[in-house]
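Structural features, examined
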Amino acid sequence: MKKHSIEAQRLLDELDAELAANGAAAGRSLGWSASERQIISMAADAIDRGVELAAAYAEAVDVKDKIKVSREIRLQEMATTRLLSKVSTAVPAPESLRSIKARNAVNKRWHPDAG
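Let me sum up the structure you'll find in this document. Only a predicted model underlies this, so the values are computations on that prediction, with no experimental measurement involved. (Residues numbered from 1 in each chain as written. Predicted model: local features only at pLDDT ≥ 70, side-chain atom pairs only at ≥ 80, totals over all residues. Heavy atoms only, no water.)

Further remarks concern the overall build of the protein. When its secondary structure is counted, the protein shows four helices and zero strands. Against the globule reference of 13 Å for 115 residues, the protein gives a C-alpha radius of gyration of 22 Å, more extended than a compact globule. Judged by the C-alpha coordinates and their principal axes, the protein covers about 75 × 30 × 25 Å. Burial statistics for the protein: of 115 residues in total, 23% are counted as buried. About 8700 Å² of surface is accessible on the protein, with carbon and sulfur atoms providing 57% of the total. Counting 18 positive and 16 negative side-chain charges, the protein places the averaged centre of each group 9 Å from the other. (Helix = DSSP H or I, 4+ residues; strand = E, 2+ residues; numbered from the N terminus. Rg over C-alpha atoms; globule rule 2.2 N^0.38 Å. Buried < 20%, exposed > 50% of the residue type's maximum accessible area, 1.4 Å probe, protein only. Areas by Shrake-Rupley, 256 points an atom, 1.4 Å probe, with all protein chains shown as cover. Lys, Arg positive; Asp, Glu negative; His and termini not counted. Charge placed at Lys NZ, Arg CZ, Asp CG, Glu CD.)

Grouped together as the largest cluster of nonpolar side chains are 13 residues, with contacts concentrated most on Leu15, Trp32, Ile40 and Val87. Of all the elements in the fold, those that place two or more residues in this core are α1 (6–26) and α2 (34–59). Apart from residues lying up to four places away in sequence, Val87 is in contact with Trp32, Glu36, Ile39 and Ile40. (Core = buried A, V, L, I, M, F, W, Y, C linked by side-chain atoms within 4.5 Å. Contact = heavy atoms within 4.5 Å.)

With the rule as written, the count across this model stands at one salt bridge. For Arg103, the salt bridge goes to Glu95, with nearest N and O atoms at 2.5 Å. (Salt bridge = Lys/Arg side-chain N within 4 Å of Asp/Glu carboxyl O.)

For the rest of this paragraph, the subject is α1. Taking 1.5 Å per residue, 21 residues should reach 30 Å; α1 reaches 30 Å between its end C-alpha atoms and fits that length. Within α1 the residues assigned to the buried category are Ala8, Leu11, Leu12, Leu15, Leu19 and Gly23. Around the axis of α1, the buried residues are gathered within 100° of arc, so they sit on the same side. Exposed and facing more than 90 degrees away from the buried side of α1 are Ile6, Ala24 and Ala25. Buried residues belonging to α1 abut α2 and α3 (63–84). Gly27 lies just past α1 and shows a positive phi near 75°. (Expected span 1.5 Å × (residues − 1). Arc of directions from axis to C-beta.)

This is the structure:
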């Protein structure tokens, strides 16, 4: 497992804590799906790159270099925001009665011997 920056690790810890708190409030144990884990990992990597860019900005002397790095920082922040908007720590909504009935009807049609 890759070692992340302090900022990225803080985000990972906060997301895990938020998921655990929401699960505890609902009386359920929640976990990340494989796709959510991948998105969270990509977001942490993006935050790591943002930290590196911030250090490069601090070291830049020339105004042109600062402008180039600041543009990259903004793009990195937008990418991180876009990735994190795809992850939800909320408890999934319960299945509607209509969905349950539809699933039962399909199962009866395609698996009539199942019961």
